[in-house]
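Tertiary structure, described
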Amino acid sequence: MEFDSAFEARMKKRYRAERRFKGYCITGLATALVFLLVFFTDIIVKALPALQQAEVRITYVYNEESADFPSAGIQEDYYELVSRGWLRIVPKRMRDNPELMGTTEQTWALATDGVDQYLKGQYNKLSEEEQALADRMVAAGNLRLAFNTGFFTTGDSKLPEMAGLWASLVGSIYVMILTFLFAFPLGVMTAVYLEEFAPENKLTQLIEVNINNLAAVPSIIFGLLGLAVFINFFGVPRSTVLAGGLTMGIMTLPLIIISARAALRAVPDSIRQGALAMGASRWQMVKDHVLPLAMPGVLTGTIIGMAVAIGETAPLLIIGMVAYIPNAPETFTDAATVLPAQIYTWAGEPERSYVSRTALGIMVLLTAMITMNATAVYLRNRFTRRW
Amino acid sequence: MNAQTSESRTIEAEPGLKPGMLQTQTTAKTEEQLQADKAQPIKARTRGLKLWYGDTQVLFDVDIDILQNRVTAFIGPSGCGKSTLLRCFNRMNDLVDNVRIEGGVEVDGQDINDPSLDVVLLRSRIGMVFQHPNPFPKSIYENIAYAPRIHGLVNGRREMDDLVERSLRRAGLWDEVADRLDTPGTALSGGQQQRLCIARAIAVGPELILMDEPASALDPIATAKIEDLITELRDNYTIAIVTHNLQQAARVADYTAFMYMGELVEYNDTNTLFTNPREKRTEDYATGRYG
Ligand SMILES: Nc1ncnc2c1ncn2[C@@H]1O[C@H](COP(=O)(O)OP(=O)(O)OP(=O)(O)O)[C@@H](O)[C@H]1O
Ligand SMILES: [Mg+2]
């Protein structure tokens, strides 16, 4: 065969087109990576300061007076440095530990937000004298930045230095437990019925189309549904874990049904035929053979659905879970807030120090989501079999 | 028993052999044996069986008697309805949407399309082996033990162990898997898997075993093992087998049915069907003119 110049030109053109296409792909990928990198760097840089919190070393005098007016227990010069939130819990501590009465204690007390921001080199409203005092105390080792345990052990607060993520973390876990308990059995059973039992007719087709549509419905609509059905009709109290869990459950349900159906459909028919041919009933076939084989896929879909739900805020806005709720729920009927709602609330606060708390909250939420997604990927790779 | 006492001869020695006709050894039945088979009970039969998938008719007035403790083979070109007919005997066609059946199918004289009949019970009495081995993705042991367990056929672990061993021995698989009963059945070779499926089918002591091209996915050695197995099982079970392999039909089947486009064209003892067919279509198929 002759390789004439026209042929060579065509070849060159083909290779050029191929290189160009590869170039586009790499550009796309690189853009995504740059955005991701910028996003993560920004979040991490913003979040890091929130990992530390300023503390002052004080000598506290427990007496009759400080039991009523906690600020009476500290030296007057320190009065402006110690967080009012810290002082507020002193009376309770004294009630719980009566033996404290009449003693003095050297302790690290939570500093005010202003001091905290000053130590972190951020904008603050400390006066010249207060700044000088803070500098002297740092030099003397009586003022320091320590790991911010409070952030992970307390709930929300109107005082930035007191605000923590714990309540919303517990709230999220409770809501997720309910979501799972509600959506998983219902979703799997629906999928099993549709895939293994339901006859193929107009009605089931209609149901199928509707389920697929439900998965595409904007999440805020599910909030309205939850408000109308669970709160207004069934009388579930607003802002509660129960209301949140049920609403999230309804929202996750279509995702679970769809992924469970896909997982069931991936089980080859020969398994079903084998089981039925040896006299298994349909339910035995499903429970002993098909469902166990589909389970990894079902779980993967469920976890991904839950990872979506854990980051969802809009529906909770409607049912009153985006609110100032400082306490962690203890039962399913307690009012609660969840991680994304907490982040949303903080993001709207005017104080500068909430910015880093918001960023740290986002990191915690992302960690939770990435962990869930990684679990899903692991399950899929570990248990997916090929026929 | 009959197979051992009957004389074997090559088809070439058979009068009426046409050139190009099946070049294989078959076990011709003697006149007495054929006479004796007339007294053999009928395990299953169809009368005027018609079947439609949607609007397409797939089976046309099929009448067939399947004799107890005999191997009956179904041959015919692809798509002629062999599998469909076989699946009528354990109502596996129920799984297909839009299927319509007319006419009678009887097993042990009982109409199996009777709405009051418990199809689960029916299937527990009839074993089925599929074209592609389909062991459950569970241990070898569990593959065999599953059906006896759901039917409540055994009490206790010891009885189950015995049953598993017996079934595997009958299927000629015991020696190969005895030391690894807890490995997945899907990890066996294709031929072993198919014998596992046969062991699985016979574990519940079915009266009738339906085999749909059980050896078509296997190499000649594995095929030979399956065929030997079928010949052995014949004494205790009734076997209906679909095959594309005419030699195989000739080797294992006592009776053979030739199907064409949904009709049962000819049904006779295997030797007669191959060597002295009544119908031109049978002869054309057996000599490889179509199919
Ligand atoms: N589930 C089904 N739905 C609709 N038509 C079907 C279905 N199963 C089989 N058929 C049709 O019925 C006819 C007979 O099929 P069947 O599987 O019984 O043939 P076969 O003789 O077993 O063929 P092969 O030797 O290729 O296995 C074919 O024309 C096939 O297309
Ligand atoms: Mg077939």
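About the thresholds
- Residues numbered from 1 in each chain as written.
- Chains lettered and ligands numbered in written order.
- Predicted model: local features only at pLDDT ≥ 70, side-chain atom pairs only at ≥ 80, totals over all residues.
- Heavy atoms only, no water.
- UniProt positions renumbered as here; feature names shortened; annotations may be inferred.
- Core = buried A, V, L, I, M, F, W, Y, C linked by side-chain atoms within 4.5 Å.
- Buried < 20%, exposed > 50% of the residue type's maximum accessible area, 1.4 Å probe, protein only.
- Contact = heavy atoms within 4.5 Å.
- Helix = DSSP H or I, 4+ residues; strand = E, 2+ residues; numbered from the N terminus.
- Buried area = accessible area lost by both parts, 1.4 Å probe.
- Salt bridge = Lys/Arg side-chain N within 4 Å of Asp/Glu carboxyl O.
- Polar contact = N/O pair within 3.5 Å; in protein donor to acceptor, adjacent residues only side chain to side chain.
- Domains from an automatic or database assignment.

An unreviewed UniProt entry lists chain A under the name Phosphate transport system permease protein PstA, with Methylohalomonas lacus given as the organism. Looking at chain A in UniProt, the text filed under Sequence similarities (unreviewed entry) is "Belongs to the binding-protein-dependent transport system permease family. CysTW subfamily."

Here the focus is the nonpolar core. Residues and elements named next belong to chain B. Judged by nonpolar contacts, the single largest core of 62 residues is most densely connected at Leu59, Phe74, Leu85, Phe89 and Leu210. Once residues lying within four places of it in the same chain are set aside, the contact partners of Phe89 are Ala44, Arg45, Thr46, Ile64, Ile66, Val105, Val107, Ile112, Leu122, Ile126, Leu208 and Leu210. Core analysis: the next-biggest nonpolar cluster, separate from the first, contains 48 residues, Val154, Leu218, Ile226 and Leu246 among them.

Residue and element names in this part refer to chain A. If you check UniProt for "transmembrane region" (unreviewed entry), the listed places come out as residues 21-40, 165-194, 214-235, 241-264 and 359-379 in our numbering. With 100% helix and 0% strand, residues 21-40 has end C-alpha atoms that lie 29 Å from one another. The span residues 165-194 carries 97% helix and 0% strand; its end-to-end C-alpha distance comes to 41 Å.

Attention now moves to the interface of chain A and chain B. Facing 20 residues of chain A, the contacting portion of chain B comprises 21 residues. Of the roughly 1700 Å² buried at the junction of chain A and chain B (both faces included), carbon and sulfur atoms supply 62%. The largest contributions to the chain A side of the interface with chain B come from Gln273, Ala277 and Met278 of chain A, which together make up 36% of the buried area. Applying the counting criterion to the chain A and chain B interface returns zero salt bridges. Inspection of the region where chain A meets chain B yields five residue pairs in polar contact (both at pLDDT 80 or more). Sort the elements by how many residues they give to the side of chain A that touches chain B and helix α12 (residues 269-277) of chain A lands first, with seven residues.

On to the pattern of salt bridges. All names here are of chain A. A full pass over the atoms with the stated rule returns 30 salt bridges over all chains. Between Lys46 and Asp42 there is a salt bridge, with the nearest N and O atoms lying 3.2 Å from each other. Taken as a pair, Lys46 and Asp42 lie in helix α1 (residues 5-47) at a separation of four residues, close to a single helical turn. On the accessibility criterion, Lys46 (37% relative accessible area) is partly exposed. Through salt bridges with shared partners, a single ionic network connects Glu195, Glu208, Arg261 and Arg265.

The phi dihedral of Asn98 of chain B falls on the positive side, at around 65°, and the residue is not glycine. Assignment of secondary structure puts Asn98 of chain B in the loop between α3 (82-88) and β6 (99-107).

Residues and elements named next belong to chain B. Secondary-structure assignment places Thr275 in helix α11 (residues 270-275). Note on Thr275: relative accessible area 2%, which makes it buried. One polar contact links the side chain of Thr275 to the main-chain carbonyl oxygen of Asn271, over a distance of 2.5 Å.

For chain A, the assigned domains are domain 1 (52-147) and domain 2 (166-383). Of note, the centres of domain 1 of chain A and domain 2 of chain A, computed from C-alpha atoms alone, are 45 Å apart.

In this section: the UniProt feature "domain: ABC transmembrane type-1" (unreviewed entry) in chain A. Mapped onto this numbering, the UniProt entry annotates "domain: ABC transmembrane type-1" (unreviewed entry) at residues 169-375 of chain A. Helix makes up 76% of residues 169-375 of chain A and strand makes up 0%, while its end C-alpha atoms are separated by 19 Å.

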